[in-house]
Amino acid sequence: MDVTLGLLDQLPSSDGGGGVPSGGSTTMRSILTGSKSKEDNNKNTMVVSTEVTSSYPAVVDDESLDGLELGLGLSIGGGGLKSKTAVTGGWSQYARILTAKDFPTTLVSEPNNSCSSSSSVNIPNSSASGTKRTATDSVSPPNGTSVVGWPPVSKAHRMPNLANQMKSPTENFISKSEQNKSKNRTVGIKDYSDERNGTANKKYRSVKVNMDGTLIGRKVDLNAHTSYEMLAQTLHEMFFSKWPSKEAVKPSRLLDGTSEFVLTYEDKDGDWMLVGDVPWEMFISSVKRLRIMKNSESNELASRCEENSERYRD
Amino acid sequence: MTQSFPEEVLEHVFSFLTSHTDRNAVSLVSKSWYDTERWCRDHVFIGNCYAVNPRVLTRRFKEVKAVELKGKPHFADFNLVPEGWGGCVDPWIVEMGRVYSGLEEIRLKRMEVTDEGLEMVAKGFGKLKVLVLASCDGFSTDGLAAVAANCRNLRVLDLRECEVEELSCHWLSHFPDSFTLLESLNIACLSSEVSFSALERLVSRSPNLKTLKLNRTVPLEKLSTLLQRAPQLVEFGTGAYSAEGLDAYSSLAEAFSGCKKLKSLSGFWDVIPAYLPAVYSVCSQLTSLNLSYATTQSPDLSKIISHCHNLQRLVVLDYIEDTGLETVATSCKDLKELVVFPSDPYVADANVPLTEQGLVSVSQGCTKLHSVLYFCRQMSNSALVSISKNRPNITCFRLCILEPRSPDYLTLEPLDTGFGSIVENCKQLTRLSMSGLLTDRVFEYIGKHAKKLDMLSIAFAGDTDLGLHYILSGCDSLRKLEIRDCPFGDKALLANASKLETMRSLWMSSCFVSFGACKLLGQKMPRLNVEVIDERENLNSIPENVPVEKVYIYRTVCGQRFDMPDFVRIMGKDKADVYNLS
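What you are looking at is a predicted structure, and each value in this text was computed from that prediction instead of being measured.

1. Points about the overall build of chain A
Broken down by element type, chain A carries 10 helices and 8 strands. The buried share of chain A, reckoned over its 314 residues, is 45%. Taking the contacts inside chain A whose residues are at least 6 apart along the sequence as the reference set, 56% of them involve residues at least 24 apart. Counting every atom, chain A has about 16200 Å² of accessible surface; 53% of that belongs to carbon and sulfur.

So, in structure tokens, the structure goes:
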């Protein structure tokens, strides 16, 4: 298989006649044979003997820079610099991906602005840092803290002071990320928070279900259900379908408290409630996980539920 | 073609080859060597779980004892890979369970592991000795309970920086009372309490326990009890290192002094400095010290470090300051690896007196230093040049200047010459992460000099596609390249398409790579998966010249994967030229 590396002339927006000779000037075989001898190849079924040609000259220096670009026949709008603008031109209609370059120098001196972007806190010292940054002028980034995933510290080493004095920056960090979830479509900056359940962006909404006496829990997708009956049916299939029918637990019995088991859930506030007391939509928005409890334990829960359910009544 | 060596002899020769790279090289010599090698390889390493699939693994290797799998790209550690991307280990467990009944070791990194998967592991691999889960998520303490209850031969249970749903504190109790084989237990990543009595009983009945890394909730008062039960420990991670009053001090100090084999200490959450001297008796034995959770000031840190004359690995927060690093430079002459994490990464000007000078001091004083991960707020070209001249033996250099695009703070120039000096002088450099203000020039230096470079991480750097081209065309050994927020686009990528097949993977996010280029690349290179990861709506109606949010390109023999969420697309594979070997 002869793969031409000069793929640039085949980009959709090109005029096709770009000056990339397919019979290329330099072979790239050296790269391939080089890699054969140093091994990392787990996939040995891949035959690494393809001869590949390149239209990139082997040596690139300043002088040939222009010639290089022309030789490639950059037909994305034709010619090196133009190609950039062609690309940027097409962006405007759609959500742009903001990069550090997009941030104007003025952003630095407006503390309000940096607070409205994702992640973190602009500490009062910003004036000092502002001074530092104006010196760097044209490439001044935003307050570096407002970029997702930067600085590159893994979760285990983020905010080690969590329990100590650094409470407020932490809280700010989390609340800013909440704010930005709703804004992320237009701004284009994503903040991937650590929440596992209940983010509105997700199309699936699965919660853990544990049953007393069973070691392994299961997961059920709440968004795939529209009513308590449907949910009970699913849970019945998951947990009870293997049981002989003499002690059959009908799906509906999970909900009405007549069977040996009772369905309960933990809500946002960490309280355990009986399933079925509140409207389905309200249940969906507050449930964190489910538990199929043995009836003896649920009596205590029921009496607590009486008190708690008053919260839901207007 | 007749073979001059009997297979048995060849197998015996191969048995001395333990590194997977050597094994891979050997299997490429000839078909008969390939066949011989595959029958006797028992440790398999798969650096990208999507480069192959479970069936390919089990068809080639028949008697595997140890498997190591990696899933998500490295930048997942920094929240750049959306949840649900993939890397689930369950299909692997199912297939391996079918074929490798003798599997003894499973090591997973950045994979999604479910409780069901753990249950399958626990029940399907009766001989399992080692289970290491590094940066994995998706499971709960239920899954751990299943492992504890069923893995009768387990020696090592290591949860490194995992995210575990902690439903119960009693999972440790599921280790049977008759279970006495434990050698290594790392639960440092758990944030909830575990049952201390279960832990104590487990430690008491594990005479071979060498590694014990507790989580934060184990109080200091209980440490001496544990250490007395396990004086043979080699690696120990404390829990929260604080207590009311000093009553626990003397028994703790005594307990530590009984640990004659202790070589590694970690933990130290919520440190109370008054308790630090309790470890002095073991300091001179230590080869590894991790104080990255110790939010204590430089003098206390310096004191303890000054006792550690045999230290080879030090992980610390920037509270250590330049003065503390000078202490390191004078006290720790055997130091090989230095990691300095930022205490306040999200604060612009945190007034911590840790600068480039600290690193320069260590590079001067510690002649064996070869690995550096350093977070700081200022850097200069002259410092980088000094470091490179002091320590040409550096193999891993990762520098993060917290503010993106920070120039040399003395001259306000880009840091091109500094990093250029690093790659030019440190000829054995295999891993590099850069930061600060960098132009295309630094990439020219890297392409020219960094011939042994294996992994490169770039952020907020470069001016044009030429930067990327220098890297792809110059770095002969490059296997992993990860780029974010750089003005690199289609040109360099397409012009170096074949280079990508020699690499494990390329990650580019917030760059200028267009949908059209991704599609073209995917079409022309059937052995590459060009995954566009993009969470915008209406992807199909975005014009082809618009840049993608993220693209992850990796070589594979398996073509498409079929577990992609809706925000991941593999581009250019609509035609039926997909290798489907399952």
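Still to come is the rest of the account.
2. With respect to the overall build of chain B
Helix and strand counts for chain B come out as 21 helices and 23 strands. For 582 residues, the compact-globule estimate of 2.2 N^0.38 gives 25 Å, and the C-alpha radius of gyration of chain B, at 25 Å, lies within 12% of that figure. Dimensions of chain B, computed from the C-alpha atoms along their principal axes, are close to 70 × 65 × 60 Å. The 582 residues of chain B split such that 64% are buried. Of the contacts formed within chain B by residues at least 6 apart in sequence, a portion of 70% connects residues at least 24 apart. Only carbon and sulfur atoms are counted for the fraction: they give 50% of the accessible area of chain B, which is about 20000 Å². Counting 63 positive and 71 negative side-chain charges, chain B places the centres of these two groups 7 Å from one another.

3. Remarks on the pattern of salt bridges
Residue and element names in this part refer to chain B. Taken as a whole, this structure holds 31 salt bridges over all chains when the rule is applied. A salt bridge links Arg 60 to Glu 37, with the shortest nitrogen-to-oxygen separation between them at 3.7 Å. Residue Arg 60 is located in helix H4 (residues 54-60), and its partner Glu 37 is located in helix H3 (residues 31-40); the two are separated by 23 residues in the primary sequence. Comparing Arg 60 with Glu 37 shows no difference in burial state: the two are buried.

4. Brief notes about the packing of helix H14 (residues 356-365) of chain B against helix H15 (residues 381-390) of chain B
Residues and elements named next belong to chain B. Where H14 contacts H15, the two axes come as close as 9 Å, and the packing angle between them is 15°. As the angle between them shows, H14 and H15 are arranged roughly parallel. Between H14 and H15 lies a crossing whose hand is left-handed. The segment H14 lies against H15, with Glu 356, Leu 359, Val 360, Ser 363 and Gln 364 engaging Ala 383, Ser 386, Ile 387 and Asn 390. Looking at the contact of H14 with H15 residue by residue, the classes come out as 4 nonpolar, 4 polar and 1 charged.

5. A few points about the nonpolar core
Among the nonpolar cores identified, the biggest contains 204 residues, and Tyr 241, Phe 256, Phe 397, Ile 446 and Leu 481 of chain B are the most heavily contacted of them. Apart from residues lying up to four places away in sequence, Phe 256 of chain B is in contact with Leu 227, Phe 236, Tyr 241, Leu 262, Leu 265, Ala 278, Val 279, Ser 281 and Val 282 of chain B. Counting residues in hydrophobic clusters, the runner-up holds 23 residues, among them Leu 231, Tyr 265, Met 273 and Ile 292 of chain A.

6. Remarks on the sheet that holds strand E5 (residues 218-221) of chain A
Strands pair in a sheet through their backbones, by hydrogen bonds, and they do so in one of two ways: parallel or antiparallel. All names here are of chain A. Pairing is mixed in the open sheet, where 5 strands are placed in the order E5-E4-E8-E6-E7. Both outer strands of the open sheet, E5 and strand E7 (272-274), are each paired with one neighbouring strand and no more. Shown here is a sheet whose adjacent strand axes are inclined to one another by a mean of 30°, direction ignored. As paired elements, strand E4 (residues 206-211) and strand E8 (residues 287-294) share 4 bridges and run parallel to each other. Paired with Met 211 across the bridge in E8 is Ile 292.

7. A closer look at the pairing of strand E14 (residues 337-341) of chain B
Residue and element names in this part refer to chain B. The element E14 is largely enclosed, with a buried count of 4 among its 5 residues. As defined by bridge partners, strand E13 (residues 313-317) adjoins E14 across 5 bridges and the pair is classed as parallel. By the bridge assignment, Leu 317 is partnered in E14 with Phe 341. Once the chain exits E13 it traverses helix H13 (residues 321-331) before rejoining the sheet at E14, and the crossover so formed is right-handed.

8. Description of the pairing of E4 of chain A
Residues and elements named next belong to chain A. Among the 6 residues in E4, 6 count as buried, and that is most of the element. Alternating positions in E4 separate into two faces, Ser 206, Lys 208 and Asn 210 on one and Val 207, Val 209 and Met 211 on the other, with burial throughout. Here E4 pairs with E5 via 4 bridges, running antiparallel. Its bridge partner lying in E5, Val 207 is registered against Val 220.

9. Quick look at the environment of Cys 259 of chain B
Residue and element names in this part refer to chain B. Position of Cys 259 relative to the elements: it lies in the loop between helix H10 (249-257) and strand E11 (264-266). By relative accessible area, Cys 259 is classed as buried at 0%. Expressed as a C-alpha distance, the spacing of Cys 259 and Leu 521, which sit 262 residues apart in the sequence, is 58 Å.

10. A few points about H14 of chain B
An α-helical turn contains 3.6 residues, so any two residues separated by three or four positions project in the same direction. Residue and element names in this part refer to chain B. Among the 10 residues in H14, 8 count as buried, and that is most of the element. Every buried residue of H14 is listed here: Glu 356, Gly 358, Leu 359, Val 360, Ser 361, Val 362, Ser 363 and Gly 365. Contacts from the buried residues of H14 go to H13, E14, strand E15 (371-376), H15 and strand E16 (396-401). Where H14 begins, the capping side chain belongs to Thr 355, and its oxygen is found 3.0 Å from the backbone nitrogen of Gln 357.

11. Things to note about unusual backbone geometry
Generally, phi is negative for residues other than glycine and the peptide bonds are trans, each holding for most cases. A cis amide bond, omega -5°, links Trp 150 of chain A with the succeeding residue Pro 151 of chain A. Its place among the elements puts Pro 151 of chain A in the loop between helix H5 (126-134) and helix H6 (167-187).

12. Quick notes on the side chain of Thr 114 of chain B
Residues and elements named next belong to chain B. Looking at the element boundaries, Thr 114 is found in the loop between strand E3 (105-109) and helix H6 (115-124). Engagement of the side chain of Thr 114 in a polar contact is seen with the side chain of Asp 90, the distance being 2.7 Å. There is a polar contact of 2.9 Å between the side chain of Thr 114 and the backbone nitrogen of Gly 117. Beyond its immediate chain neighbours, meaning those up to four positions away, Thr 114 contacts Cys 88, Asp 90, Gly 138 and Phe 139.

13. So, the packing of helix H16 (residues 416-425) of chain B against helix H17 (residues 440-449) of chain B
Residue and element names in this part refer to chain B. Axis separation between H16 and H17 bottoms out at 9 Å; the angle between their running directions is 5°. On the basis of the axis angle, H16 is roughly parallel to H17. Of the residues in H17, those touching H16 at Asp 416, Thr 417, Phe 419, Gly 420, Val 423 and Glu 424 are Arg 441, Val 442, Tyr 445, Ile 446 and His 449. Per-class residue counts for the contact of H16 with H17 are 5 nonpolar, 3 polar and 3 charged.

14. Considering the environment of Gly 213 of chain A
Residue position: Gly 213 of chain A is located in the loop between E4 and E5. Each C-alpha atom, one on Gly 213 of chain A and one on Ile 292 of chain A, is 9.5 Å from the other, the two residues being 79 residues apart in sequence.

15. A look at the packing of aromatic side chains
Residue and element names in this part refer to chain B. Across all of its chains, the model carries 22 aromatic pairs over all chains by this definition. On the basis of an interplanar angle of 55° and a centroid distance of 6.0 Å, the ring pair of Trp 507 and Tyr 552 is categorised as tilted. Of the two residues, Trp 507 sits in strand E20 (residues 505-509) while Tyr 552 sits in strand E22 (residues 550-555), which places them 45 residues apart along the sequence. Both residues of the pair, Trp 507 and Tyr 552, count as buried. Cluster of aromatic residues (ring-pair linked, three or more members): Tyr 50, Phe 75, Phe 78, Trp 85, Trp 507, Tyr 552 and Tyr 554. The ring of Tyr 50 carries the charged tip of Arg 561 above its face, separated from the ring centre by 4.2 Å.

16. Quick notes on the confidence of the model for chain A
Residue and element names in this part refer to chain A. Across chain A, the average pLDDT comes to 52, with 26% of residues at 70 or higher. Looking at the elements of chain A, mean pLDDT is at its lowest for helix H1 (residues 29-37), recorded as 34, and at its highest for E7, recorded as 87. Overall, residues 244-249 carries pLDDT values under 50, and its contacts beyond four positions in sequence, including any with other chains, amount to 6 contacts.

17. Digging into a nonpolar patch on the surface
Side chains of Phe 5, Val 9 and Val 13 of chain B sit close together on the surface and give an oily, nonpolar patch of about 240 Å² of accessible area. Val 9 of chain B gets classed as partly exposed once you look at its relative accessible area, which sits at 35%.

18. Observations concerning the environment of Arg 441 of chain B
Residues and elements named next belong to chain B. Among the secondary structure elements, Arg 441 is positioned in helix H17. Here Arg 441 falls in the partly exposed class, since its relative accessible area comes to 37%. In the structure, Arg 441 is positioned 140 residues away from Leu 301 in sequence and 39 Å away in space, judged by C-alpha atoms.

Reading the values: rules and limits
- Residues numbered from 1 in each chain as written.
- Chains lettered and ligands numbered in written order.
- Predicted model: local features only at pLDDT ≥ 70, side-chain atom pairs only at ≥ 80, totals over all residues.
- Heavy atoms only, no water.
- Helix = DSSP H or I, 4+ residues; strand = E, 2+ residues; numbered from the N terminus.
- Buried < 20%, exposed > 50% of the residue type's maximum accessible area, 1.4 Å probe, protein only.
- Contact = heavy atoms within 4.5 Å.
- Areas by Shrake-Rupley, 256 points an atom, 1.4 Å probe, with all protein chains shown as cover.
- Rg over C-alpha atoms; globule rule 2.2 N^0.38 Å.
- Lys, Arg positive; Asp, Glu negative; His and termini not counted.
- Charge placed at Lys NZ, Arg CZ, Asp CG, Glu CD.
- Salt bridge = Lys/Arg side-chain N within 4 Å of Asp/Glu carboxyl O.
- Axes fitted to C-alpha atoms, helices over the stretch in contact; angles between N-to-C directions.
- Parallel < 35°, antiparallel > 145°, perpendicular 65-115°, else oblique.
- Left-handed = near helix turned anticlockwise from the far one by under 90°.
- Nonpolar A, V, L, I, M, F, W, Y, C, P; charged D, E, K, R; others polar.
- Core = buried A, V, L, I, M, F, W, Y, C linked by side-chain atoms within 4.5 Å.
- Pairing = 2+ DSSP bridges.
- Right-handed = clockwise from strand over helix to strand, strands pointing away.
- Polar contact = N/O pair within 3.5 Å; in protein donor to acceptor, adjacent residues only side chain to side chain.
- Phe/Tyr/Trp six-rings, centres within 6.5 Å; stacked < 30°, edge-to-face > 60°.
- Lys NZ or Arg CZ within 6 Å of the ring centre and 35° of its normal.
- pLDDT = per-residue confidence, 0-100.
- Patch = residues over 30% accessible without salt bridge, like charges linked within 9 Å, V, L, I, M, F, W, Y side chains within 5 Å.

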